[in-house]
Amino acid sequence: MGVTSDRVEYVCRYGGNGTTTSGVNVSIAAEVTMEIHSVCLPPKESTFQKLKHRLSEIFFPDDPLYRFKDQTWCKKLVLGLQFLFPILQWGSHYDLNLFKSDVVSGLTIASLAIPQGISYAQLANLPPIIGLYSSFVPPLMYSLQGSSRHVAVGPVSIASLVMGTMLSEKVSPVQHPTLYLKLAFTATFFAGLFQASLGFLRLGLVIDFLSKATLVGFMAGAAIIVSLQQLKGLLGIVHFTTKMQLIPVLTSVFHHTKESMKKPKLFWISAAAPLTSVILSTLLVFLIKSKVHGISIIGHLQKGLNPTSTNMLYFNGQYLALAIKTGIVTGILSLTEGIAVGRTFASLKNYQVDGNKEMMAIGLMNMASSCTSCYVTTGSFSRSAVNYNAGAQTAVSNIVLAGTVLVTLLFLMPLFYYTPNVILVAIIITAVIGLIDYKAAYKLWKVDKLDFLACICSFFGVLFISVPLGLGIAVGVSVVKILLHVTRPNTLVLGNIPATQIYQSLNRYKEASRVPSFLILAIESPIYFANSTYLQERLLRWVQEEEERIKANHESTLKCIIIDMTSVTAIDTSGIDMVCELKKMLEKRSLVLVLVNPVGSVMEKMHRSNFLGTNSLFLTVGEAVADISASWKPQP
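None of the values given here were measured: they were computed from a predicted structure. (Residues numbered from 1 in each chain as written. Predicted model: local features only at pLDDT ≥ 70, side-chain atom pairs only at ≥ 80, totals over all residues. Heavy atoms only, no water.)

1. Some thoughts on the packing of helix α23 (residues 532-553) against helix α24 (residues 573-588)
Orientation of α23 relative to α24, taken along the N-to-C sense of each, is 25°, at an axis distance of 9 Å. Judged on the interaxial angle alone, α24 and α23 are roughly parallel. Every pair of crossing elements has a handedness; the one defined by α23 and α24 is right-handed. Contact residues: Ser532, Leu535, Gln536, Leu539, Leu540 and Val543 in α23; Ser574, Gly575, Met578, Glu581, Leu582, Met585 and Leu586 in α24. For the contact of α23 with α24, the residue count by class is 8 nonpolar, 4 polar and 1 charged. (Axes fitted to C-alpha atoms, helices over the stretch in contact; angles between N-to-C directions. Helix = DSSP H or I, 4+ residues; strand = E, 2+ residues; numbered from the N terminus. Parallel < 35°, antiparallel > 145°, perpendicular 65-115°, else oblique. Left-handed = near helix turned anticlockwise from the far one by under 90°. Contact = heavy atoms within 4.5 Å. Nonpolar A, V, L, I, M, F, W, Y, C, P; charged D, E, K, R; others polar.)

2. Focus: the UniProt feature "transmembrane region" (unreviewed entry) in the protein
In the numbering used here, UniProt assigns the feature "transmembrane region" (unreviewed entry) to residues 179-201, 213-231, 266-288, 319-341, 395-416, 422-440 and 452-480. The span residues 179-201 shows a helical share of 96% and a strand share of 0%, and its end C-alpha atoms are spaced 32 Å apart. In residues 395-416, the share of helix is 77% and the share of strand is 0%. The end C-alpha atoms are 28 Å apart. (UniProt positions renumbered as here; feature names shortened; annotations may be inferred.)

3. Topic: the pattern of salt bridges
Applying the stated criterion to the full structure yields 8 salt bridges. Across the pair Arg608 and Glu604 runs a salt bridge whose closest N-O atoms are separated by 3.4 Å. Here the residue Arg608 and the residue Glu604 both occupy positions in helix α25 (residues 600-608), the gap between them amounting to 4 residues, near one helical turn. Through salt bridges that share partners, Arg514, Glu546, Arg549 and Glu555 make up one connected network. (Salt bridge = Lys/Arg side-chain N within 4 Å of Asp/Glu carboxyl O.)

4. Here we look at helix α21 (residues 449-464)
Under the 1.5 Å per step criterion, the end-to-end length of α21 is 22 Å for 16 residues, consistent within 8% with the ideal 22 Å. Residues Asp451, Ala454, Cys455, Ser458, Phe459, Gly461, Val462 and Leu463 constitute the buried set of α21. Where α21 starts, the residue carrying a side-chain oxygen 3.0 Å from the main-chain nitrogen of Leu450 turns out to be Asp448. (Expected span 1.5 Å × (residues − 1). Buried < 20%, exposed > 50% of the residue type's maximum accessible area, 1.4 Å probe, protein only. Polar contact = N/O pair within 3.5 Å; in protein donor to acceptor, adjacent residues only side chain to side chain.)

5. A closer look at the pairing of strand β6 (residues 560-564)
The buried fraction of β6 amounts to 5 of the 5 residues, a majority that puts the element mostly inside the structure. Neither face of β6 is open: one carries Cys560, Ile562 and Asp564, the other Ile561 and Ile563, and all of them are buried. Relative to β6, strand β5 (residues 518-523) runs parallel, the two sharing 5 bridges. When the bridges of β6 are listed, Phe518 appears paired with Cys560. With respect to chirality, the unit in which β5 leads through α23 into the neighbouring parallel β6 is right-handed. Pairing between β6 and strand β7 (residues 592-596): 5 bridges, direction parallel. In the strand pairing of β7, Asp564 is matched with Val596. (Pairing = 2+ DSSP bridges. Right-handed = clockwise from strand over helix to strand, strands pointing away.)

6. Quick notes on α24
Along its 16 residues, α24 runs 23 Å from first to last C-alpha, staying within 8% of the 22 Å computed at 1.5 Å per residue. For α24, the full list of buried residues reads Gly575, Ile576, Met578, Val579, Leu582, Lys583 and Leu586. What you see down the axis of α24 is that its buried residues fit within an arc of 155°, all on one side. Turned more than 90 degrees from where α24 packs its buried face, Thr573, Asp577, Lys584 and Lys588 sit exposed. On its buried face, α24 sits against α23, β6, β7 and α25. Where α24 begins, one side-chain oxygen reaches toward the backbone nitrogen of Ser574, 3.2 Å away; that side chain belongs to Asp572. The positive-phi residue at the C-terminal boundary of α24 is Ser590, with phi of around 60°. (Arc of directions from axis to C-beta.)

7. Remarks on a nonpolar patch on the surface
Among the surface-exposed residues, Leu77, Leu81, Leu84, Phe85, Leu88 and Leu144 lie close enough to one another that they form a single nonpolar patch of about 520 Å² accessible area. By residue number, the principal contributor to the nonpolar patch is helix α3 (residues 73-84), which donates 3 residues. Tracing the chain through its elements places Leu81 in helix α3. By relative accessible area, Leu81 is classed as partly exposed at 38%. (Patch = residues over 30% accessible without salt bridge, like charges linked within 9 Å, V, L, I, M, F, W, Y side chains within 5 Å. Areas by Shrake-Rupley, 256 points an atom, 1.4 Å probe, with all protein chains shown as cover.)

8. Some thoughts on unusual backbone geometry
One non-glycine residue with positive phi stands out, namely His554, at about 55°. As for its position among the elements, His554 is in the loop between α23 and β6. Judged by relative accessible area, His554 falls into the exposed class, the value being 72%. Although it is not a glycine, Ser590 adopts a positive phi angle of roughly 60°. Within the element layout of this structure, Ser590 appears in the loop between α24 and β7. Ser590 sits in the exposed class, given a relative accessible area of 63%.

9. So, the side chain of Ser168
Within the fold, Ser168 resides in helix α8 (residues 157-168). Judged by its relative accessible area of 10%, Ser168 is buried. From its side chain, Ser168 meets the backbone oxygen of Thr165 in a polar contact 3.3 Å long.

The following block contains the structure:
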C-alpha cells in the first residue's frame, strides 16, 4: 500500500535556528497549543476470537450465511435450497416476457454453439459428436446451479486446446482413440472435482495467481499455435506433427508442402457467421460430391442422446497422473474464464455473481458431464456476449440452447454428414485469432513492465516449450513479482507541503520541504521476516545519506528519526526485533526514533513485545514534530 495523499497533520514546523521554516519566530509559534493524542490499542480479543475473525475474512468475506440469521427452520431450508439451486429463487418471478427474451437468445447462441461445439471437439482431438454432447448436458446443469443470468455454457477454445495438447503428447488420438477418449472424460472428471473443491472450501484465491498479464500472453501464444496447427486441414496435409511448439509445426508444414499440393482444397468461407458457413458449405459439397473427390468431410454422426460414460472413467493405470494433471490445468483455465465472463456481464447489469458458488456450479457440472460423454466446459466469452446482446434475461437461455441441441442430436445429425472439415478449421481459426489481444499487451508495457514480462514469458513459453510449461513459467514470474514487492518494499522520505498540514514524498512533491533536525520516513509494506533485514539496512542508509546532506549544506544537526507506519498493515516477530535493533543502533548515535500511527494489529504486537515507550509513539507526524520540538531547548 502506498502513502495516502490525504495524510492530514496538525503541525508546527520548527527550524533549528529558532524560527519556523516559514520564518515565524519560535516564541510566537510556541504559543500555538496543540493537543497530543494518544495511540490506542485495539479492543482486547482472545486468540480464538482473532483466529475466527481472520479465517472468516479469508474464506467468508461475503458472509454467505447472513440470510439465515433469525430465520425459522422452515425458512432456512427454503433459503438453503435457493442457495444451492438459484433457479428456485428467481423461478417464482419468471413470466412470459422473460421467456420470450430467453427463447430468442437461446436460439441465437445455439446457432453459434452447434458449429463451435463440433469444431472445438476436433481442437481437443475428440470426435465431433462429443462437442454436441458437451453443448447439451452442461447448459442444463448450469441453468439449475449457476448464479449468472448471461453466461452461455459449452466447450471453449482454451480448454479444448490445452486438453488436446497435453493428452496427445502422451497418447495418440489416432492410434489409441478409445484410450484417448477415456483420458479426456477422466480429465474432465478431475477438472470438475478440483473446481467444486475450490468452491466448497472457498479457495477461489488459487485462481487469482493467474493474473490478467499471464492470461494475455498465454492466450496469444496458444492462438498462434492452434492457428498453425489448422494448416493441416487447410492444406490437406496427412502426415502432420502432433507437437504443439512453433518450430515443429512450421517444420512439418514446409516438409510436406508437396504433399499438400496434391490435395484439392475447398475455398475459404468466412467463419464470421458459423452456422451460415456450415449450411452453405455442406449444401455445396452435397451438390458437387459426384464431381469433386478428396474433400475431407465430417461423415457419419451418431443420432441420439448422450450415452453414459461412467464405465470409461480411467482411475488406475500408467496414464492416471496425466489425466489428473490435464484436469487440474484445464480446470483452472476454464474456471478463470467462466468466472471472468460471469462477473463481466453481471457488472453491466448491476448484479453480483458469487465466485465460490460459480466454482461449485461449474465443478459439479463438469463432474456430471464426464459421466455423460462430455469434456470440459465453462462459460464462453463469445457465446455469452451473443447471449447478452440477444437479450437474455435468465439462465433459461441455456435451457433453450440445450433444447435446440437436443433436437439436433435426435433428428438433424444426418445433415452434418457432408460438412467439410475446412469450414470447422475456419471457425476455429476465427475464434482463436480473437484471443490475440495486442492492445492489452501494449497497455501492460505502458503501465507495468513486470506484468509485461510475465505476459511475454507466457507467450514465448507456449510457443517454444509447451502449453502447460509456458503457463507455469508465467505464473512463476508473477510469483517472483509478488516476492519482490514483499522482500524489497518501498521506503521514502517525507516533507511538509508549505502552508498546509500535509506530509508527502519529497521526490513526488517538489514543493514539499524538509523539517530541520528531523528525518521523516515512510514504509509502504508489511514488515516480515523476508524484508526486515533489508528495511533495517535501507533505513540506516537513509540516515547516513541525510547526515551527509546536512553536513554538506551546513544545516541543523539531525536529532530525530520519525517512521510513518500508516501503510505498515502487519508485522511479525522478526519485524519487531528489527525495529528494536534499529532503535538501539540509533540511540548509540544520539538519535531518537519514534513511530507514527501503527495500525491496530501492529500496535498490539509491539505493545506485547514491551517495545513501546511513552515518548516513542504518536498519532500523526505533525504531533510528533510539534511535541518533540517543544522538548528541545532553542538553539542560540
